[in-house]
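Summary of the model geometry
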Amino acid sequence: MSVLRPVIVCFSLLTIITGLAYPFAVTGVGQLAFPEQTSGSLIRQGNQIKGSELIGQQFTQPRYFWGRPSATAPFGYNGTASGGSNLGPTNPALKAAVEERIKALHDADPENTAPVPVDLVTASGSGLDPHISPAAAEYQLQRVAKARGLQAKQIRQLITQNTEAPQFGIFGEERVNVLKLNLALDSLKP
């Protein structure tokens, strides 16, 4: 018992420190220093939550910009199943999926003969990417303008306004948050 007692006390103390005190302290500091981020970087319109800046959403109507394909299961943009498809570049299943996505883009906008940007036909590593490249937004511009009865110039201006710079000006590339862009589109009048 003299050997067991210190072990139990040490185990209990470490459980309280690492299992309760530390998580509460980190959460508290996070809520004070970064309240928006610790709450999920939610996008709100009025009192309504529209989504998160960090997780993509499925848009399939021609009047909306479409994001990167999602590789999550059992449904797209499933935040609890983050992960890529793990299909290599020589895998026939990846080739078939890309060809199917290209066909869907061409079917939605048969007049568009521009090369399809790669981010519109391949999933990101997480399968949840909320961003597309400015080139992917530009590729979809005519389809969205036609479906909404808007001028391309108006939509191009929204794309420019919703284009984010590389992280800290050096990491990554310019990107467009699809949800923010689609919400901005919904606020326009045809």
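Anyway, here's the lowdown on the structure attached to this text. Here the structure is a predicted model, which is why all the values come from computation and not from measurement. (Residues numbered from 1 in each chain as written. Predicted model: local features only at pLDDT ≥ 70, side-chain atom pairs only at ≥ 80, totals over all residues. Heavy atoms only, no water.)

1. Observations concerning the overall build of the protein
The line we're drawing: The secondary structure listing takes helices from DSSP runs of H or I that are at least 4 residues long and strands from runs of E that are at least 2 residues long, numbered from the N terminus. As defined in this context, the radius of gyration uses C-alpha atoms, and a globule is described by 2.2 Å times the residue total to the power 0.38. The rule is simple: take the accessible area with a 1.4 Å probe, protein chains only, and divide by the maximum for that residue type; under 20% is buried, over 50% is exposed, in between is partly exposed. For this analysis, residues touch if any pair of their heavy atoms sits within 4.5 Å. The method behind every accessible area is Shrake-Rupley, applied with a 1.4 Å probe, and residues are considered shielded solely by the protein chains displayed. A residue counts as positive if it is Lys or Arg and as negative if it is Asp or Glu; His and the chain ends are not included. Think of each charge as sitting on NZ of Lys, CZ of Arg, CG of Asp or CD of Glu.
Of the regular secondary structure elements, the protein holds six helices and five strands. Scaling as 2.2 N^0.38, a compact globule of 190 residues should have a C-alpha radius of gyration of about 16 Å, whereas the protein reaches 22 Å, well beyond that. Over its C-alpha atoms, taken along the principal directions, the protein stretches across nearly 80 × 45 × 30 Å. Per-residue burial over the protein gives 31% buried out of 190 residues. Counted over contacts in the protein with a minimum sequence separation of 6, partners at least 24 positions apart contribute 57%. Working note: accessible area of the protein is about 12200 Å², and carbon and sulfur atoms make up 61% of it. Across the protein, the 16 positively charged side chains and the 14 negatively charged ones have centroids separated by 6 Å.

2. As for the sheet that holds strand E4 (residues 163-164)
The strands that make up a sheet pair up through hydrogen bonds in the backbone, lying either parallel or antiparallel. Note the following rule: In this analysis, strands are considered paired if DSSP registers two or more bridges between them. What counts as an axis is a line fitted to C-alpha atoms, over the stretch in contact for a helix, and the angles between N-to-C directions run from 0 to 180 degrees.
The strand order across the open sheet built from three strands is E3-E5-E4, with neighbouring strands paired in antiparallel fashion. A strand with exactly one partner marks an edge of an open sheet, and here the two such strands are strand E3 (131-132) and E4. Pairing between E3 and strand E5 (residues 175-177): two bridges, direction antiparallel. In the strand pairing of E5, Ile132 is matched with Val176. Here helix H6 (residues 178-186) sits on the sheet in contact with E3, E4 and E5, set at roughly 60° to E5.

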